[in-house]
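Structural overview
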2 protein chains.
Amino acid sequence: MAENKIPYKIYLNEDEMPKAWYNLRADMKNKPAPLLNPGTGKPMTKEELAPVFCEELVEQELDDTTPYIDIPEEIRSFYKMYRPSPLVRAYCLEEKLQTPAKIYYKFEGNNTSGSHKLNSAIAQAYYAKKQGLKGVTTETGAGQWGTALSMACSYLDLDCKVYMVKVSYEQKPFRREVMRTYGASVVPSPSETTEVGKKILAEHPGTTGSLGCAISEAVEVATKNPGYRYVLGSVLNQVLLHQSVIGLETKIALDKYGIKPDMIIGCAGGGSNLGGLIAPFMGEKLRGEADYRIIAVEPASCPSFTRGKYAYDFCDTGMICPLAKMYTLGSSFIPSANHAGGLRFHGMSSTLSQLYADGLMEATSVEQTEVFEAAEQFARVEGILPAPESAHAIRVAINEALKCKENGEEKTIVFGLTGTGYFDLVAYQKYNDGEMSDYIPTDEEIAESLARLPRV
Amino acid sequence: MAENKIPYKIYLNEDEMPKAWYNLRADMKNKPAPLLNPGTGKPMTKEELAPVFCEELVEQELDDTTPYIDIPEEIRSFYKMYRPSPLVRAYCLEEKLQTPAKIYYKFEGNNTSGSHKLNSAIAQAYYAKKQGLKGVTTETGAGQWGTALSMACSYLDLDCKVYMVKVSYEQKPFRREVMRTYGASVVPSPSETTEVGKKILAEHPGTTGSLGCAISEAVEVATKNPGYRYVLGSVLNQVLLHQSVIGLETKIALDKYGIKPDMIIGCAGGGSNLGGLIAPFMGEKLRGEADYRIIAVEPASCPSFTRGKYAYDFCDTGMICPLAKMYTLGSSFIPSANHAGGLRFHGMSSTLSQLYADGLMEATSVEQTEVFEAAEQFARVEGILPAPESAHAIRVAINEALKCKENGEEKTIVFGLTGTGYFDLVAYQKYNDGEMSDYIPTDEEIAESLARLPRV
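Anyway, here's the lowdown on the structure attached to this text. (Residues numbered from 1 in each chain as written. Chains lettered and ligands numbered in written order. Predicted model: local features only at pLDDT ≥ 70, side-chain atom pairs only at ≥ 80, totals over all residues. Heavy atoms only, no water.)

Moving on, we come to the packing of helix 5 (residues 118–130) of chain A against helix 11 (residues 237–256) of chain A. All names here are of chain A. At a minimum axis separation of 8 Å, helix 5 and helix 11 run at an interaxial angle of 125 degrees. In terms of orientation, helix 5 and helix 11 fall into the oblique class. Our pair here, helix 5 against helix 11, has a crossing hand that is right-handed. Packed against helix 5, whose contacting residues are Asn119, Ser120, Ala123, Gln124 and Tyr127, the element helix 11 presents Gln238, Val239, His242, Gln243, Val245 and Ile246 at the interface. The residue inventory of the contact of helix 5 with helix 11, partitioned by class, reads five nonpolar, six polar and no charged. (Axes fitted to C-alpha atoms, helices over the stretch in contact; angles between N-to-C directions. Helix = DSSP H or I, 4+ residues; strand = E, 2+ residues; numbered from the N terminus. Parallel < 35°, antiparallel > 145°, perpendicular 65-115°, else oblique. Left-handed = near helix turned anticlockwise from the far one by under 90°. Contact = heavy atoms within 4.5 Å. Nonpolar A, V, L, I, M, F, W, Y, C, P; charged D, E, K, R; others polar.)

This is the structure we're talking about:
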């Protein structure tokens, strides 16, 4: 393999790391639609959000005008524990594909939570601590967010209650154990510990839970217990703000070597990684300073962008959260049981939804067997076993690199490698044993859950 | 936390990475004792070793005079995929302990094998490929070495057969699955696929295997199948040579900031990590250029340095391998079933054994509950869930840092954090549930296995 001026991994120095998050909304002409109070149908006020979220996070949630928000020094110190994350030139993958494309990926998996989720977890925990709270509650599906939050809370000595989707709680005991090692209490959801949990269990005995249902439980506990607030790992504007550190580091690293990407690819569940990765690039696009293709990749089994409706919907199954305007499959939509990876949220970040509605980004969906095929190919040449979520982006990056090969184009592709697959080996085993299948929901299934959208 | 001139993580630039391995033996006055042919009692010749190991690795195994051996460019390219590994200043741990000591750790866990083992795996696979072989065989206990070798072989398109200690094969299905994802075939040991396996099964029906037994099987398969050789992840001189990349990078990073360590601490099973980490520092000590305290940490349940005998012994249970002179508990010694982590080999690298016999390094043993206590404390403040093996070094580093606190000494401590504990959560669960216990072998137990040492 030839030596090259661009190193395999670009690490920023500490003094090059971002000192402020970038608030993409400030540069959007069409702002993301506000959260609505499901009772009144009117935009949620600070006062209404305050029982659910910490004060400073409410400010961040509602602020769509301030372009840069300082990262508090305590959070920057914590970031230095596991950041900067490397921007990796995928020389080995390029060679394997024999493509003229130049492929880079921003790898967020080098921390014990195994993903980018820690970027927002420490921020949300920090503001909770600063407000003098006792603890926070949250939900987790695959477990990356719950692990990240446990790590952040343990560091700041905050109590952490995690409602974990029951099927994951049972199938991923190791994830649960990492959270326990970090001192969190982990409850399988739906549970008997909340009113909404009891109601769901009564209506659907034997249910293995869903993210939407775990959110309802965590919100209930936060609002009923003094000194607690609820925190969420994706979807919200504040989360995209914190995750902008991914994109900012990526941009600084690329600029350092004079690299201008042609396209930026990220997987999209609730939108936290994608929104963070693309933030500064989308900012340039919005300000007319540069142009990029920006591609969201979602699973064909949970295709909110590509087959959902842009409408107000609940973020949770229990319908106790505010309404968000987003591309949604309906809050009662649950991906097929054969779906192995994450990215199973029925909706999508309001910010990304508005950008998509405005034609500023593309979206595509991929099936899981082709995703695991890409994951294995990537693992074998790049040495990192990717999370199934991240492998959605790998799949499309490889597809685009192969198009470059066909057309002889030397495009520069950047994608987000959000995390590692060390806790997803049940899914890899299925794939290795040839027992993985695909499932694409029918139009009728989607129409059925969309028929239950709230009327606003 | 105050800003400081030393960054949280020191990453070398690519052009600062070592271009040659350092062969510690070249600077030793008392050379490590040679491998002996168990039949003749005479030193193994190149010709005798050639059916077992690749030619160039035989050269490296026997070479105790050349101080630097070039790292082939192909291996350096592979290293760039996951190296340099960071040298981390443990600011958060220091603050937690309120110690004046300065603590650094070299973190080798940021690759999918989860440990330093990849450093030697790629080297051994490379020389096998260069020799035109079809494949390699090996054994694995906890699975880190097997995973590392699978990754290296998949990269170079070599066949890889792994004999995995049966108890690990059953208790760590995810480790097995990672190896399969990298295309390796994994066989639980003892197995019916070898003569030695059949014999052991006949003598000990229902045995859950041991590292020594898996070695015997892997060696048998390598020597009976044309185009195959055996590779080993620890103990051997060649492995310590390859692992010197850990110490060399550490030394370059420390020198860059003018840091002189007072002590270097590493866990010791077969000695691969410790031998690699200390290599350049021990070199300076041997040449009289500097002095360091060098501390090997082993489990109290498998205390080869601290309670073993310095004598010739078999490396394997089947007694088909050459004899090595080393601190050993006897090749029939198997650590208590309650032993959770790795570091369960009955012997120790000949190189390290000679250095220890010559009083050039210290050794200490720790019990596993105190090890997991240190692991949890470290994980909570440094954000990395450590492998139980690595946590042995953490335990002693913390102990030394607390002594510094007591004595008001600003010592600089460097320790090796060999890997992550993502596949060790059964052990963490035991610890979290308060079900972990300690076991120290009795003098009688050790005497019993030592009584079976071969007569040379």
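After that view, the rundown keeps rolling.
Looking now at the environment of Lys430 of chain A. Residue and element names in this part refer to chain A. Among the secondary structure elements, Lys430 is positioned in helix 17 (residues 425–432). What makes Lys430 partly exposed here is its relative accessible area of 36%. Residues Lys430 and Thr364, spaced 66 residues apart in sequence, show a C-alpha to C-alpha distance of 24 Å. (Buried < 20%, exposed > 50% of the residue type's maximum accessible area, 1.4 Å probe, protein only.)

Let us now look at the interface of chain A and chain B. Listed per partner, the contact involves 45 residues of chain A and 45 residues of chain B. Each partner contributes to the roughly 4,500 Å² buried at the junction of chain A and chain B, and carbon and sulfur atoms together form 52% of this total. Contact with chain B buries area across many residues of chain A, yet Phe174, Thr181 and Tyr422 of chain A alone supply 15% of it, more than any other trio. Put simply, chain A and chain B have two salt bridges between them. (Buried area = accessible area lost by both parts, 1.4 Å probe. Salt bridge = Lys/Arg side-chain N within 4 Å of Asp/Glu carboxyl O.)

All names here are of chain A. Spatial ordering of the open sheet is given by 1-4-5-15-10-11-14, a layout of seven strands whose pairing is mixed. Both outer strands of the open sheet, strand 1 (9–10) and strand 14 (362–366), are each paired with one neighbouring strand and no more. Sheet topology places strand 4 (residues 87–89) next to strand 5 (residues 102–107); three bridges connect them, and they run antiparallel. Note on strand 5: the bridge partner recorded for Arg89 is Tyr104. (Pairing = 2+ DSSP bridges.)

Attention now goes to unusual backbone geometry. Between Arg83 of chain B and Pro84 of chain B the backbone carries a cis peptide bond, its omega angle lying at -5 degrees. Within the secondary structure, Pro84 of chain B sits in the loop between helix 3 (73–82) and strand 4 (87–89). In this chain, Ser189 of chain B is followed by Pro190 of chain B through a cis amide linkage whose omega measures 5 degrees. Mapped onto the fold, Pro190 of chain B is located in the loop between strand 8 (185–189) and helix 9 (195–203). For Asp157 of chain A, which is not a glycine, the phi torsion comes out positive at approximately 60 degrees. Using a relative accessible area of 65% as the deciding quantity, one classes Asp157 of chain A as exposed. A positive phi angle is found at Met319 of chain A, which is not glycine, with a value near 60 degrees.

A few words now on the pairing of strand 11 (residues 293–299) of chain A. Residues and elements named next belong to chain A. When you tally the buried positions in strand 11, you get six out of seven residues, the bulk of the element. As paired elements, strand 10 (residues 263–267) and strand 11 share five bridges and run parallel to each other. Across the sheet, Cys267 pairs through a bridge with Val297, a residue of strand 11. In this sheet, strand 14 lies alongside strand 11 in parallel orientation, the contact comprising five bridges. Bridged to Val297 within strand 14 is Thr364.

Residues and elements named next belong to chain B. The complete set of buried residues in helix 18 (residues 443–450) reads Ile446, Ser449 and Leu450. For helix 18, the angular spread of buried residues about the axis comes to 105 degrees, placing them on one side. Turned more than 90 degrees away from the buried face of helix 18, the exposed residues are Glu444 and Glu448. The inward-facing, buried residues of helix 18 abut helix 13 (304–307), strand 12 (309–314) and strand 13 (323–328). (Arc of directions from axis to C-beta.)

Scanning all chains against the criterion turns up 54 salt bridges over all chains. Put simply, Glu410 of chain B and Lys102 of chain B hold a salt bridge, and the shortest N to O gap is 2.5 Å. On the criterion of sequence distance, the pair formed by Glu410 of chain B in the loop between helix 16 (388–407) and strand 15 (412–417) and Lys102 of chain B in strand 5 (residues 102–107) is long-range, its members being 308 residues apart. For Glu410 of chain B, a relative accessible area of 56% puts it in the exposed group. We classify Lys102 of chain B as partly exposed; its relative accessible area is 25%. Of the charged contacts in the structure, one is a salt bridge between Asp443 of chain B and Arg307 of chain B, with a shortest N-O distance of 2.7 Å. Placement of Asp443 of chain B in helix 18 and of Arg307 of chain B in helix 13 is noted, with a sequence separation of 136 residues between them. Beyond isolated ion pairs, a larger network of salt bridges with shared partners links Arg83, Lys106, Glu108 and Glu249 of chain A.

Once chain A is rotated about the relating axis by 180 degrees and shifted along it by 0.0 Å, it coincides with chain B to within an RMSD of 0.0 Å. On the angle and the small slide along the axis, the relation comes out as a two-fold axis. By C-alpha distance to the rotation axis, the residue of chain A lying nearest is Asn110 of chain A, at 3.1 Å. With an isologous cut-off of 70% or more, the 100% of interface residues of chain A that recur at the interface of chain B puts this contact in the isologous class. (Least-squares fit on C-alpha atoms with pLDDT ≥ 70 in both.)

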